[in-house]
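# Structure at a glance
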Amino acid sequence: MAFETILVETKGGVGVITLNRPAQLNALNDQLIGELNQALDGFEADEAIGAILVTGSDKAFAAGADIKEMAAKTYMDAYKGDFIASWERISRCRKPVIAAVAGFALGGGCELAMSCDFVLAADTAKFGQPEIKLGIMPGAGGTQRLVRAVGKAKAMELCLTGRMMDAEEAERAGLVARVVPAQDLLAEALKTAEAIAAMSHTAAMMTKDCVNRAFETTLAEGIRYERRTFHAMFATDDQKEGMAAFMEKRRPQFRNS
Ligand code: HXC
C-alpha cells in the first residue's frame, strides 16, 4: 500500500511505522492518522507480526495535531465530523505497540505516544501538552492518560502551563519506560519489539489486555479478570510448549495458538 505521510516496513516479526511529515515536524493531520490506522489494520491482520513500533524523526516524534488544518474548524465541523475519534484506533490495537520517541512529542504527539503500550525515549525527547497556549486544551486523551501516567500534580501543571518536560523528567515521572542515548533509540526499540514478538503472540495480547484492564476497573474485578484470563492460558498450545521447553532446556517454538 502506498502511503504519503508514513513509512511502513516489516522487520522480522515487528511492524515499523515511521511518521513522515518532516517539514511539519510530523504534525498529525487527517491523512496521517488515516494512514496510520490503515497500517495498524494491516499489521493486526498479519499473523507474522507480534509487535508494532511507532516512531518519528530525530527532531520530532510529532509536534502535535496539525494546527494549520485545525485552525479554521467550526464547532459543527468538529462535532459532526467527530474530530479526533479516529485517533482512538491505536489504543484499540490488540497487539503490543511501542512508541520510540526522539525530539518533540507535543500535544497530540504526546497523546499519540501515551496511546501506545509504552514509550521508549531518546535523551533528546521533550514531552508536553502545550494546547493551552493555543487557546484550547488536550483532546486526544492528554488530560486523562497523563494523569494516570504521572499523577495529578505534574499532569495539571503540564496541561495548565504548557511547559515541556525532558526525557529524564519524563522517566522519573513514569511517562517513559526507559531513556536511551538518541543514537541507540531505534536499535534499542527494535530489539525490545523483537523480544516481544518472539514470545507467544497470544500470551502477549492477553497480558496487554489485562494490564490495560487495570485502568478500567476496581482491583478486585481486575484480579478476577486476570485470573480468568490466566486460567484460559492452559487451553493454549503455547503454554504447553513454553513449559515443555523450559523442562527440556531448549528454546520454545511458539505457534501462537
Ligand atoms: C502544524 C507545525 C506544527 C503543528 C510545527 N509545525 N508544529 N505545523 N502543526 N503542530 C511546522 C511549523 O509551522 C514549521 O513550518 C515547521 O513545522 C517547523 O517548525 P518550527 O516552529 O519552525 O520549528 P522550531 O522553531 O524548531 O520549533 C519547534 C516547536 C514548534 C517548538 C515544536 O514548532 C511548536 O511550538 N509547534 C507547535 C507545538 C504545539 O502547539 N502542539 C500542539 C498542537 S495542538 P513552516 O512551514 O511554518 O516553516 C494539538 C491538539 C491535540 O496537538 C488535541 C487533539 C488532537
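Up top is the structure these notes are about.
Overview of the structure. Sequence order as written defines the numbering, with residues in each chain counted from 1. The predicted nature of this model means local features are confined to residues of pLDDT at least 70 and side-chain atom pairs, given and counted, to a pLDDT of 80 or more, with totals for whole chains, interfaces and linings taken over all residues. Side-chain descriptors were evaluated using all non-hydrogen atoms of the structure, hydrogens and water having been removed beforehand.

## Structural notes on the site of the ligand
As a reminder, the rule being used: Nearness of a residue to a molecule or strand requires only that one of the residue's heavy atoms be within 4 Å of it. Pairs of N or O atoms are called polar contacts if they sit within 3.5 Å, as long as, within protein, a hydrogen donor faces a hydrogen acceptor (for residues adjacent in sequence, only side-chain-to-side-chain pairs). Per-residue and other accessible areas follow the Shrake-Rupley method at a 1.4 Å probe size, with only the shown protein chains counted as cover for residues. Strands here mean DSSP runs of E at least two residues long; helices mean DSSP runs of H or I at least four residues long; both are numbered from the N terminus.
In the vicinity of the ligand, 24 residues are found, and the nearest of them are Lys59, Ala63, Ala65, Ile67 and Gly108. Within the contact set of the ligand, an oxygen atom lies 2.8 Å away from a side-chain nitrogen or oxygen of Lys59. In this structure, Ala65 approaches the ligand through a main-chain N or O atom, which is 2.7 Å from an oxygen atom. Taken by itself the ligand offers 1000 Å² of open surface, and the protein chains cover 66% of this. Elements represented by at least two residues in the shell around the ligand include exactly helix 2 (67–70), strand 6 (104–106) and helix 4 (108–115).

## Notes on the state of the cysteines
Threshold: When two cysteine sulfur atoms are found within 2.5 Å, that pair is recorded as a disulfide. Burial status follows relative accessibility: with a 1.4 Å probe on protein chains alone, a residue under 20% of its type maximum counts as buried, one over 50% as exposed, and anything between as partly exposed.
Throughout the structure, instances matching the rule amount to zero disulfides. Looking at Cys93, it has no disulfide partner, and the nearest cysteine sulfur is the one in Cys116, 8.9 Å off. On the basis of relative accessibility, which here comes to 3%, the residue Cys93 falls in the buried class. Cys116 gets classed as buried once you look at its relative accessible area, which sits at 7%.

## Quick word on the packing of aromatic side chains
A ring pair, where both rings are aromatic, is described by two values, the distance of the centres and the angle of the planes. Spelled out, the test is: In summary, the pairing rule links any two rings of Phe, Tyr or Trp, Trp by its six-membered ring, whose centres are within 6.5 Å, and it sorts them by plane angle into stacked for under 30 degrees, edge-to-face for over 60 and tilted for everything else. Only when the NZ of Lys or the CZ of Arg is both within 6 Å of the ring centre and within 35 degrees of the ring normal is a charge said to sit over the ring.
Applying the stated criterion to the full structure yields two aromatic pairs. Ring plane angle 15° and centroid distance 5.8 Å describe the contact between Tyr75 and Tyr79, whose orientation is recorded as stacked. With Tyr75 and Tyr79 both in helix 3 (residues 75–80) and four residues apart, this pair spans about one turn of that helix. Both residues of the pair, Tyr75 and Tyr79, count as exposed. Where Phe230 meets Phe234, the ring centres are 5.4 Å apart and the plane angle is 85°; that geometry is what we call edge-to-face. If you follow Lys73 out to its NZ or CZ, it ends over the ring of Phe83, 4.6 Å from the centre. It is Arg213 that lies over the ring of Tyr225; its NZ or CZ is 3.9 Å from the centre.

## Quick notes on the pattern of salt bridges
Test applied: The term salt bridge refers to a side-chain nitrogen of Lys or Arg lying within 4 Å of a carboxyl oxygen of Asp or Glu.
Under the defined criterion, the tally for this structure stands at 15 salt bridges. The shortest N-O distance in the salt bridge between Arg172 and Glu168 comes to 3.3 Å. Here Arg172 pairs with Glu168, and both are found in helix 7 (residues 167–173), just four residues apart, close to one helical turn. We classify Glu168 as exposed; its relative accessible area is 54%. With its nearest N and O atoms 3.9 Å apart, the salt bridge here joins Lys191 to Glu188.

## Considering the packing of helix 5 (residues 142–150) against helix 6 (residues 152–161)
The condition is simple: Lines fitted to the C-alpha atoms define the axes, with helices restricted to the stretch that makes contact. Angles between their N-to-C directions range from 0 to 180 degrees. Roughly parallel here means an angle under 35 degrees, roughly antiparallel means over 145, roughly perpendicular means 65 to 115, and every remaining angle is called oblique. Crossings are sorted by hand: turned counterclockwise from the far helix by less than a right angle, the near helix makes the crossing left-handed, and turned clockwise it makes it right-handed. Note on contacts: a residue pair qualifies if any of its non-hydrogen atoms lie within 4.5 Å across the two residues. In this classification, Asp, Glu, Lys and Arg are treated as charged, Ala, Val, Leu, Ile, Met, Phe, Trp, Tyr, Cys and Pro as nonpolar, and every other residue, Gly included, as polar.
Where helix 5 meets helix 6, the axes come as close as 7 Å, and the angle between the chain directions of the two elements is 140°. It follows from the interaxial angle that helix 5 and helix 6 lie oblique. Where helix 5 crosses over helix 6, the handedness of that crossing is right-handed. For the pair formed by helix 5 and helix 6, the contact residues are Gly142, Leu146, Val147 and Val150 on the first element and Lys152, Lys154, Ala155, Leu158 and Cys159 on the second. Partitioning the contact of helix 5 with helix 6 into residue classes produces six nonpolar, one polar and two charged.

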